[in-house]
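Take a look at the letters that make up each chain.
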Protein chains: 4
Amino acid sequence: MSALVFERFLSTPEIVAVFSENAVVQAMMDFEAALARAQAAEGMIPAAAAQAIAGVCKAELFDVPALVAASGRCGSLAIPLVKKLTETVALFDAAAAGYVHWGSTSQDVIDTAMVLQTRRALALIDRDLSGLIGSLQSLAREHAGAPMLARTLMQPAQVVSFDFKLVSWIAPLVRAQQRLRDAGRAALQLQLGGAVGTLAVMGRHGAAVARRMADALQLALPPGAWHTQRDALASLACEVGVLTGTLGKIAKDISLLAQAEVGELAEASGGGRGGSSAMPHKRNPVASMIALSAASRVPQRVSALLSAMVQEHERGLSNWQAELAESAGLYIATHGAVKALADAAGAIEVDAARMRSNIDALHGLVFAESIAMLFATRIGKAQAHALLERLSNESVNGQRHLRDVTLLELSRDDALRSLFDASEVAALFEPEAAAQHASQLARPQLDALSRQAQGLAESAPWALWLNG
Amino acid sequence: MSALVFERFLSTPEIVAVFSENAVVQAMMDFEAALARAQAAEGMIPAAAAQAIAGVCKAELFDVPALVAASGRCGSLAIPLVKKLTETVALFDAAAAGYVHWGSTSQDVIDTAMVLQTRRALALIDRDLSGLIGSLQSLAREHAGAPMLARTLMQPAQVVSFDFKLVSWIAPLVRAQQRLRDAGRAALQLQLGGAVGTLAVMGRHGAAVARRMADALQLALPPGAWHTQRDALASLACEVGVLTGTLGKIAKDISLLAQAEVGELAEASGGGRGGSSAMPHKRNPVASMIALSAASRVPQRVSALLSAMVQEHERGLSNWQAELAESAGLYIATHGAVKALADAAGAIEVDAARMRSNIDALHGLVFAESIAMLFATRIGKAQAHALLERLSNESVNGQRHLRDVTLLELSRDDALRSLFDASEVAALFEPEAAAQHASQLARPQLDALSRQAQGLAESAPWALWLNG
Amino acid sequence: MSALVFERFLSTPEIVAVFSENAVVQAMMDFEAALARAQAAEGMIPAAAAQAIAGVCKAELFDVPALVAASGRCGSLAIPLVKKLTETVALFDAAAAGYVHWGSTSQDVIDTAMVLQTRRALALIDRDLSGLIGSLQSLAREHAGAPMLARTLMQPAQVVSFDFKLVSWIAPLVRAQQRLRDAGRAALQLQLGGAVGTLAVMGRHGAAVARRMADALQLALPPGAWHTQRDALASLACEVGVLTGTLGKIAKDISLLAQAEVGELAEASGGGRGGSSAMPHKRNPVASMIALSAASRVPQRVSALLSAMVQEHERGLSNWQAELAESAGLYIATHGAVKALADAAGAIEVDAARMRSNIDALHGLVFAESIAMLFATRIGKAQAHALLERLSNESVNGQRHLRDVTLLELSRDDALRSLFDASEVAALFEPEAAAQHASQLARPQLDALSRQAQGLAESAPWALWLNG
Amino acid sequence: MSALVFERFLSTPEIVAVFSENAVVQAMMDFEAALARAQAAEGMIPAAAAQAIAGVCKAELFDVPALVAASGRCGSLAIPLVKKLTETVALFDAAAAGYVHWGSTSQDVIDTAMVLQTRRALALIDRDLSGLIGSLQSLAREHAGAPMLARTLMQPAQVVSFDFKLVSWIAPLVRAQQRLRDAGRAALQLQLGGAVGTLAVMGRHGAAVARRMADALQLALPPGAWHTQRDALASLACEVGVLTGTLGKIAKDISLLAQAEVGELAEASGGGRGGSSAMPHKRNPVASMIALSAASRVPQRVSALLSAMVQEHERGLSNWQAELAESAGLYIATHGAVKALADAAGAIEVDAARMRSNIDALHGLVFAESIAMLFATRIGKAQAHALLERLSNESVNGQRHLRDVTLLELSRDDALRSLFDASEVAALFEPEAAAQHASQLARPQLDALSRQAQGLAESAPWALWLNG
């Protein structure tokens, strides 16, 4: 178990497993096995040595907690791991032991292992992002055109439709998925440089060994070691941060809409989540809680990783190590968030009637601007605004619907009546009309997003690594 | 003057001007003019009104400091600006005044203005990034193959070449420029949505008006308003952060190499910078100071912008405003950094002799691993390491060059002498050989980077906006 | 004007003035004048020289924007300032010019100036914090015992009283004020060390000069220079951050309670703030917006300042400069927040009837736990919980008040009726009773806080510097 | 094992144990036992029930990993823990089971448990901070007056003494320890409020139960629940951040002084740390690496905790949870840093000869300002500076010691010779004199710090909790 106690309920068992001690150690072993095989293929070391080494590169053969504990003393996990691996190889083949980790350096094996874990993390995030996008699209189809309040500065503003609102959730998710894939492709690359990046010990074989290893591990082959060039990893972390920002935005909206006093959405309870036997009226928005928590924590991780880019010379003192320590948490929190929202979106309860009654409770005031704009076209903007301000005040003070107040005004004011038809004015107070307009804007966007998401879902680049 | 006192010497007059009150107000005016013209072209408002409006959309006609001061009372700069603009239009054409800002909202004009300023900021950063890359490439050509210590964990490790080191500075800069351009292209888009993003007031004209405005302002046309979809801007800010991380890495290396005790590089003094009349021996690395300062401040800005993505509903309360307040500082600090390093790189003093003498001062110990690796091929890794450890200790304790100690050992140990030739061993102690190997790795990378940088320099997408 | 455009509406004119170019330059001049006078008093320089120097230490005599612009070239504001000051003194007294800034260093004058500005900032924050606390206490007295929903995880939980809630706003503010004062007292100290902190040039006079300067500037006298000991300033910044966190918490609650659908509180509109002529129903919580914005930005500034503590040797390269650049923003945002909330709290509209109707709208479900606890005392916790879960479901499904459902159950179930009295059960459904209990807890805390706040208000340590 | 793989070598086994799953669960059990006992003492529940509950409040009776895994499903660790505890009590005493967690809420037990863990963390940090301070004081005594370069902006500036430099390391540590204790005393308080902070279920017994629990757990008794008043905890976290900033500053200095080219300090190698068999010349400053890493990571944690203060209403949605998830890492990193430096400081190797030779290598240029100041007293500042600039240039260009150049000038220039004595001038070039002056400033400060540290060491408030 490798996450801290209070990170568990903000994450998922799958992502915790990705960064578990065992998984990290196995990834390091995978590097060592690939290195030995590549060197044998290039004739640098005997084929038998490579076989002996690769044969024991299995985490289950090692006392992983002891290795991790030893890393505390050595200042690096690679040192005890290479030592133990060498000893273990020597049990079977003393000569082969000398070829373990040949020409490589601690940072090579640790960076490559982190890249391998990151790929698995991205696979999980990518999968559940597709699920979340899909569920939101279903919601948009199901509730197309449903009138709903738009709110600005946390106050009701005008009427839109629920599918219009969903576009503002879906579009940045689809873009995030695209950007994550681009950034991932650039960042998931082999690290192999030896002590200072020159692969000096491998002589003329260096490039070929690197090519073989990249092939074997299915990683990109960089033009050289990137020991202190952390930009690709940092850029990937940033895109994870941007995704989490969007997840937080969605979760914030859900949590606001799920307030008892608003009641337009509710996260499904059940499975022990969100409900409370003591307070049976409570429907805690637990998925939103998880996503919001990620959105508040991840930016600080991104900041830590950007700060850690300032790595001295050919290997950093403290910044590379800080980067390692901060990276996993970023992916753990983000997968927790995307998975929680994906689950929630698939079962979210939409109360369209409540959406409508929340509009009605405002007595038509949210249509004041529309009316003012209509009036402005014929009596001028200033006068129209002044008029609507007065009518709105009458509506508020008299607790009457602004439509009624306005139509009464129209019936009393000959000048106005000559310019505007009562039915024309009354029509602007129809929530359905406003919702219809919004929904018409939303639909082509939703269609385009759907096609894009479909394309992304069909080409999932890391699906192979979903299960370790 | 719009930057805080103690940000001035970390920035440049050019970038400070981009985010000056006047420039921001002018960009808002540009939006209003483009809006009126587009609406006239679509027949929404009279052509004369558009002309009247556009005619006064000039910041110099307004008391800009008064507008900014009024923004403090109104909670938004758009409110007093639109009010003053309307009054001013009314002086010339009362009817036209009613069409000012028609169907738009504060966030439309403010976001679009920020996008326009951001484009100018990117133009400056992009220009000086090309300059910096060019200067570093010149250095790499000039000092190709010069032996230099590689240092890991702030300790000397092995010998590389100066051009090999320069690859680790140049490569992430070139990638940063490419990513900045991609992120910029996605983020530099028109904002136009009206009160809640539906352009309701513009009715069926909305889309056409938006298209015309995007054309006029030479901005990308988004599929809809992005009032609370901040991902493209956040992703751009992240890439600025990644660039600054690389600038910080370079500056850190320069500042370490410029220490009197190391003395391999020096920033040129002159023009009042970096020198000290009281302490004439001082050559303060002022450009590095500026870049390092940016690298430590920018990550927190990125964090603030990512945190600010969680914007409620159709317009955020506090987070959009926080984003506005944090954005400019990001670009100001980054241009300060890239300009300072570009200037410094063009005049940096390289002391290749000192690079060499710093290697020599280590008495060959940095070659211990190479020798061990050579010995390992014939006497086994364990034995080779044990031998080199002993020889190295003798070298340290006796203050003798490891080469001499090793050759003496060779001359005394028959077994060893039968396996290795003294000249073969001595050759490994040649800094030039190690540097040569590193330089050979560096050259094709430098060539590829040079082509890529050339291509980028020739296609500078924002050069038009370099001068406002 | 010294703040960035989009920071203006999140700040106040007073705090912007504190960190204006003129004010900072004047504070630096105050340092130089105090230095010259102290050195004259100690016989280090002629009295006439001190008089000549002090006589021109007036910012209005200088072209301040030119000095600030020159700081960009020099890498420090002190260098052009001392140069210009020396030239100006020389106009009147050539001999005196030689004694300007004698034995001091750039960091001495800049750090001390920042301390002087920080004191003025703290004076403003402290004053408005007292005002905010006072207004909240008035609210607590006025609305003592008013029933109100307590909400957990953004869902209604149980009933408390409005004064009980106010304790959770007031108590951390009072503690923040106390901690700010303690931290301020420790941090507001003279900086005087000369080139490397030893005051070497002043010889045996150093300590006495420092003592005189601290007296004259009314600053604490530290045991030595603190050029790279930034802990006291960082700790002060942290306490500002903690205060801002509490301001954000209050603002978050207000903004949630001010949603139209909740409607329990409203920020007064007026003065152009928060209202909207286009949308007359809107009552934007502008003060909350400002405070929330500060609460999201300030933590990143604190992070920047903590990161900047790692200052090399006897004067940092980049981190000291980053600290200078980040500090002002912290105080500017925080004063904006405290002032906005102080103004808002003095005019906040409390809708106690809405608080009550929001409770009633939940049909008694918020009392389920109380009833369960009563039942548990006699029928066991497990059985009681199961019973209430069933009754609550009946209440929800049947849209009936839980009280009615429960009393019906009581009337039907002989065993239950033998254990509980209907009136006893009905009493637990009274919001007033729950509110009363909460209010009784609140009152002694409010009294104690009131006494503490009173004491703090009477001893305002920086009131002298409220006006510059 | 509860820390992430790559945090292990940046932390200590002791602090990892403090925040282990078992330890956290035991602390939660301690809360439940104390609650039951206090309620029994107040007659709220039967004494036998309390005994039955307290009797099984032992983490080793439970499947802790299963509880933690279940927390992922429930959204809280308290829910499965209370459930399991209730079931376990029921095995022995069915009636008692009904009294488990009576009247309390999840946040009560989780917050109190975190406070208990935090106290253990502070005990460890406090102990090793005393050790670090003690070792640095020993160094200061041992090397009192040793001449050493002071460096500003990473360039040599003037000469001080090693004990003068040590003051700038020790003083902020002693202040940090004092502030940590003050902040700790305020923050280490019982959390007990029940569902919404009113302890409603406990009726009139609430206050007495809280008092008894605070006594039993030896925690401070707050005036009320602090479910959404996080200021005391945040302030404590800040002080941890300030401490880490100072640790980072010390580590930065050590790592710079330990560069091979500077060589004034070295961290002792041994025990597998810092050495390298492949590169025997390497003495990696591993302790500095750990402390620097903490200093770059902790500020972001502080930022996360400050951001998380904005907790809604009576229990936050996401921010409280984020706070829990971020807190442990702060203490883990900080203890790693303080322990690493404490160990390093006790065995650090000081090369006073190298300190001296690094001064000499600068050919007297670091004394230029002292000479200029001497000359200025008689020939005026401007002329003195001009002269020294010329002499310094001659020194640099001619590779001659500035003393020799200056004395030659004196011998040639009659006017000068009449004003200054050659021996007076030569004396200023003595490193020992400058070091002596610095050391005299340092000594009284060191004495005062020693007394203060002594007092702190003798009153260690949390020593009781050093071992769990």
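Before any of the text, the structure's been laid out above.
Residues numbered from 1 in each chain as written. Chains lettered and ligands numbered in written order. Predicted model: local features only at pLDDT ≥ 70, side-chain atom pairs only at ≥ 80, totals over all residues. Heavy atoms only, no water.

A.B. asks: Which residues make up the relation of the copies chain A and chain D, and what values do they have?
C.D. replies: The transformation that overlays chain A on chain D combines an axial shift of 0.0 Å with a rotation of 180°, and the residual RMSD is 0.1 Å. Such values leave the two copies arranged in the relation of a two-fold axis. The overlap is high: 100% of the interface residues of chain A also sit at the interface in chain D, so the same surface is used on both sides. (Least-squares fit on C-alpha atoms with pLDDT ≥ 70 in both. Contact = heavy atoms within 4.5 Å.)

A.B. asks: So what's going on with the environment of Leu233 of chain B? Residues and values would help.
C.D. replies: Residue and element names in this part refer to chain B. Here Leu233 shows up in helix 10 (residues 231–257). For the pair Leu233 and Asp128, spaced 105 residues apart in sequence, the C-alpha separation works out to 21 Å. Excluding its chain neighbours within four sequence positions, the residues that come into contact with Leu233 are Ala187, Trp226 and Glu323. (Helix = DSSP H or I, 4+ residues; strand = E, 2+ residues; numbered from the N terminus.)

A.B. asks: I'd like a rundown of the relation of the copies chain A and chain B, residues and numbers included.
C.D. replies: Take chain A, turn it by 180°, move it 0.0 Å along the axis, and it overlays chain B with an RMSD of 0.0 Å. When the interface residues of chain A are mapped onto chain B, 100% of them again fall at the interface, so both copies present the same face.

A.B. asks: Help me get a handle on the interface of chain A and chain B, residues and values and all.
C.D. replies: Taken together, the contacts link 75 residues of chain A with 75 residues of chain B. Counting each side, the surface lost to burial between chain A and chain B is near 6,300 Å², with a carbon and sulfur contribution of 63%. The interface formed by chain A and chain B contains six salt bridges. Taking the shortest distance from any N to any O, the salt bridge between Asp231 of chain B and Arg175 of chain A comes out at 2.8 Å. Seen at the junction of chain A and chain B, the total is 32 residue pairs in polar contact (both at pLDDT 80 or more). Those elements that provide at least two residues to the side of chain A that touches chain B are strand 1 (147–152), strand 2 (155–161), helix 8 (162–187), helix 10 (231–257), helix 11 (286–307), helix 14 (368–379) and helix 19 (431–458) of chain A. Here the residues of the side of chain A that touches chain B sort into 36 nonpolar, 25 polar and 14 charged. (Buried area = accessible area lost by both parts, 1.4 Å probe. Salt bridge = Lys/Arg side-chain N within 4 Å of Asp/Glu carboxyl O. Polar contact = N/O pair within 3.5 Å; in protein donor to acceptor, adjacent residues only side chain to side chain. Nonpolar A, V, L, I, M, F, W, Y, C, P; charged D, E, K, R; others polar.)

A.B. asks: Let's hear about the side chain of Glu409 of chain D: which residues, and what values?
C.D. replies: Residues and elements named next belong to chain D. Mapped onto the fold, Glu409 is located in helix 16 (residues 402–412). Looking at Glu409, the relative accessible area reads 13%, which means it is buried. A distance of 2.9 Å separates polar atoms of two side chains, one belonging to Glu409 and the other to Arg390. With sequence-adjacent residues up to four places away left out, Glu409 is seen in contact with Leu387, Arg390, Leu391 and Leu416. (Buried < 20%, exposed > 50% of the residue type's maximum accessible area, 1.4 Å probe, protein only.)

A.B. asks: Can you break down the environment of Leu132 of chain D residue by residue, with the values?
C.D. replies: All names here are of chain D. Note that Leu132 resides in helix 7 (residues 106–142). Take Leu132: its relative accessible area is 1%, and that puts it in the buried class. C-alpha of Leu132 to C-alpha of Ala345: the two residues are 213 residues apart in sequence and 6.5 Å apart in space. Here Leu132 is in contact with Leu173, Leu247, Val338, Leu341, Ala342 and Ala345, once residues within four sequence places are set aside.

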